[in-house]
Amino acid sequence: MTGLNESHDPARRSWIEQANTRGSEFPIQNLPLGVFRAPGRDARGGVAIGDVIFDLKAASAVGLFSNSAAAAARAASGPTLNALMAAAAAGDFRAPARALGSSTR
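1. A look at the pairing of strand S2 (residues 44-49)
Point 1. Across the 6 residues that make up S2, a large majority, 6, are buried.
Point 2. Burial of S2 is two-sided: the residues Arg 44, Gly 46 and Ala 48 facing one way and the residues Gly 45, Val 47 and Ile 49 facing the other way are all buried.
Point 3. When strand S1 (residues 33-36) meets S2, the two strands line up antiparallel, connected through 4 bridges. Each residue of the ladder has a partner; that of Val 35, found in S2, is Gly 45.
Point 4. Sheet analysis places S2 next to strand S3 (residues 52-55), joined by 4 bridges and oriented antiparallel. Note that in S3 the partner of Ile 49 across the bridge is Val 52.

Now the structure itself:
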């Protein structure tokens, strides 16, 4: 088994202030990937951080990611996460969470 990486460090802080509050369901160490639907919009992939959702489709559209992170974000930005999971299972990404966690890899 490999050791934990820096994303598990309890001292890490988020730019989303609510994610830094004690007892937050989604602190920086627990970033669930899922599908959400904003009022009047199509379903899309996102990551919960604190009390907000980071919209992967919007982030991809403005070029926030590069390389494998861009490919992973595009795969996770649709109405399901099926494309992301299929790509990860095929070995296209090291792992979905790692690919989405870095904009430079």
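Once you've had a look at it, read on.
2. Overview of the nonpolar core
Point 1. Counting 15 residues, the largest nonpolar core has Ile 49, Leu 56, Phe 65, Ala 76 and Leu 84 as the members making the most contacts within it.
Point 2. Looking at this core, the elements with two or more residues in it are S2, helix H1 (56-61) and helix H2 (67-75).
Point 3. Looking at which element gives the most residues to this core, the answer is H2, with 5 residues.

3. Let's talk about the pattern of salt bridges
Point 1. Per the counting criterion, the structure on display carries 2 salt bridges.
Point 2. Two residues, Glu 17 and Arg 13, come together in a salt bridge whose shortest N-O distance is 3.4 Å. Of the two residues, Glu 17 and Arg 13, both sit in the exposed class.
Point 3. Arg 44 is the partner of Asp 55 in a salt bridge, and the nearest nitrogen-oxygen pair spans 3.0 Å. Of the two residues, Asp 55 is situated in strand S3 and Arg 44 in strand S2; the sequence distance between them amounts to 11 residues. There is no split in this pair, since Asp 55 and Arg 44 are both buried.

Criteria and thresholds
- Residues numbered from 1 in each chain as written.
- Predicted model: local features only at pLDDT ≥ 70, side-chain atom pairs only at ≥ 80, totals over all residues.
- Heavy atoms only, no water.
- Buried < 20%, exposed > 50% of the residue type's maximum accessible area, 1.4 Å probe, protein only.
- Helix = DSSP H or I, 4+ residues; strand = E, 2+ residues; numbered from the N terminus.
- Pairing = 2+ DSSP bridges.
- Core = buried A, V, L, I, M, F, W, Y, C linked by side-chain atoms within 4.5 Å.
- Salt bridge = Lys/Arg side-chain N within 4 Å of Asp/Glu carboxyl O.

By themselves these figures say nothing about function.
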